[in-house]
Amino acid sequence: MAALAAGAAHADGFPRPGQITFEQAVTPIAHEMHFFHNWILLPIITGICLFVLALLAYVIFRFNETKNPVPAQTTHNSTLEVAWTVLPVMILVIIAIPSFRLLTHQLVVPPADITVKVTGHQWYWSYDYPKDQGGGFSFDSYLIPESDLKPGDIRQLSVDNEAVVPVGKVVHVLVTGSDVIHSFTVPSFGIRIDAIPGRMNETWFKAEREGVYYGQCSIICGNNHAFMPIAFRVVSAEQYTAWLATAAKKFASRAPDSVHLADNNAPSAR
């Protein structure tokens, strides 16, 4: 419980020095994860540890050689054997019910307002916004080098191109990889899913608060694994609409190139 009280989490989407708890939750899934950890798992494991500590202390002081020069010959106790079998099962059931509910909420994607495709590369991320939702463009997102950081930027987290989503909307995220396995993780959103080449995974979030929220690749993917951060800017619906129009012009050059065949006297395919 002291860990919960010490080092408050911050709402600006990244950890601070001295912070102990999770990053501030800004999605329904993240809130549910925090509740599951703080009010189910943490009390249960604390109770188990205190119970075992009390048993050890009792055994040390009650059954030491001084007080028991002749040890007892008891070998069975049916009540005790039933108890240490039934109680752990009951504890697991108590944990399993909210755990399965949380997993279901994570895996079952509700009707989405927006779909974003995310592709992990060595060592950057690409974001694709579908044309039928006002997008029709894609862009790459690279870590800003430390030498290029400006006031307000965050070392190892700020990127040159942030993904932008509207507040209060269900965002369906399709995640894949282009080379090796990466892990797309944004703690404030409560999402972590592998980006696997040749496979499309999916997750979702619904941000409740405007701001910039950061994450990082969470699977070692090569020598620059630590240098491929994730940044999502959550804005109002009006700002998102304006950003779509601006981004469509800015990233127009990222339209798919024409396909050229080898020079074998065959016409080029366009």
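Residues numbered from 1 in each chain as written. Predicted model: local features only at pLDDT ≥ 70, side-chain atom pairs only at ≥ 80, totals over all residues. Heavy atoms only, no water.

A. The arrangement of the packing of helix H2 (residues 28–62) against helix H3 (residues 78–107) in detail. The N-to-C vectors of H2 and H3 enclose an angle of 165°; their axes lie 11 Å apart at closest approach. Taken together, the axes of H2 and H3 are roughly antiparallel relative to one another. Taken as a pair, H2 and H3 cross one another with a handedness that is left-handed. Only Ile 91, Ile 94, Ile 95, Pro 98, Ser 99, Arg 101, Leu 102, His 105 and Gln 106 of H3 make contact with H2, whose side of the interface consists of Ile 29, Glu 32, Met 33, Phe 36, Ile 40, Leu 41, Ile 44 and Ile 48. Here the residues of the contact of H2 with H3 are counted per class, giving 12 nonpolar, three polar and two charged. (Axes fitted to C-alpha atoms, helices over the stretch in contact; angles between N-to-C directions. Helix = DSSP H or I, 4+ residues; strand = E, 2+ residues; numbered from the N terminus. Parallel < 35°, antiparallel > 145°, perpendicular 65-115°, else oblique. Left-handed = near helix turned anticlockwise from the far one by under 90°. Contact = heavy atoms within 4.5 Å. Nonpolar A, V, L, I, M, F, W, Y, C, P; charged D, E, K, R; others polar.)

B. Spatial organisation of the pairing of strand S4 (residues 163–166). Both faces of S4 are covered, namely the face carrying Ala 163 and Val 165 and the face carrying Val 164 and Pro 166. With four bridges joining them, S4 and strand S10 (residues 229–235) adopt parallel strand pairing. Bridging from a neighbouring strand, Val 165 pairs with Val 234 of S10. (Buried < 20%, exposed > 50% of the residue type's maximum accessible area, 1.4 Å probe, protein only. Pairing = 2+ DSSP bridges.)

C. Structural detail: the pattern of salt bridges. Across all of its chains, the model carries two salt bridges by this definition. Notably, a salt bridge pairs Arg 155 with Glu 146, separated by 3.3 Å at the nearest N-O pair. Taking the shortest distance from any N to any O, the salt bridge between Arg 233 and Glu 162 comes out at 2.6 Å. You can see Arg 233 sitting in strand S10 and its partner Glu 162 sitting in the loop between strand S3 (137–141) and S4, a full 71 residues away along the chain. (Salt bridge = Lys/Arg side-chain N within 4 Å of Asp/Glu carboxyl O.)

D. Representation of unusual backbone geometry. With an omega dihedral of 0°, the bond running from Gln 122 to Trp 123 counts as a cis peptide bond. Relative to the assigned elements, Trp 123 resides in the loop between strand S1 (114–121) and strand S2 (124–129). Here the phi dihedral of Gln 156 falls at roughly 70°; this positive angle occurs in a residue that is not glycine.

E. Structural context of the state of the cysteines. Here the structure, examined in full by the defined rule, presents zero disulfides. Cys 217 takes part in no disulfide bond, and the closest cysteine sulfur to it belongs to Cys 221, at a distance of 3.9 Å. A relative accessible area of 6% places Cys 217 in the buried class. (Disulfide = S-S within 2.5 Å.)

F. How the structure looks around the environment of Gly 211. Mapped onto the elements, Gly 211 comes out in strand S9 (residues 211–216). Between the C-alpha atom of Gly 211 and that of Phe 232, which follows or precedes it by 21 residues, the distance is 8.2 Å. Apart from the residues within four sequence positions on either side, Gly 211 is in contact with Phe 232, Arg 233 and Val 234.

G. Focus on the packing of aromatic side chains. Taken as a whole and judged by the stated rule, the model has 19 aromatic pairs. Residues Phe 189 and Phe 205 carry aromatic rings whose centres are separated by 4.2 Å and whose planes lie at 15° to one another, so their mutual orientation is stacked. Taken as a pair, Phe 189 in the loop between strand S6 (182–186) and strand S7 (191–195) and Phe 205 in strand S8 (residues 201–205) lie far apart in primary sequence, 16 residues in all. The burial state of Phe 189 is the same as that of Phe 205; both residues are buried. Their ring planes at 25° and their centres at 6.1 Å tell us that Tyr 240 and Trp 243 sit as a pair that is stacked. Taken together, the residues Tyr 240 and Trp 243, both in helix H4 (residues 237–250) and three residues apart, mark about one turn of the helix. Across this residue pair, the class does not change: Tyr 240 and Trp 243 are buried. For Arg 62, the ring lying beneath its charged end belongs to Phe 63, and the centroid distance is 5.0 Å. (Phe/Tyr/Trp six-rings, centres within 6.5 Å; stacked < 30°, edge-to-face > 60°. Lys NZ or Arg CZ within 6 Å of the ring centre and 35° of its normal.)

H. How the structure looks around the side chain of Asn 201. Note that Asn 201 resides in strand S8. Under the relative-accessibility criterion, Asn 201 is labelled buried at 12%. Polar side-chain contacts of Asn 201 include one of 3.2 Å to the side chain of Arg 199. Among residues more than four places away in sequence, those in contact with Asn 201 are Val 173, Leu 174, Val 175, Ile 193, Asp 194 and Ile 196. (Polar contact = N/O pair within 3.5 Å; in protein donor to acceptor, adjacent residues only side chain to side chain.)

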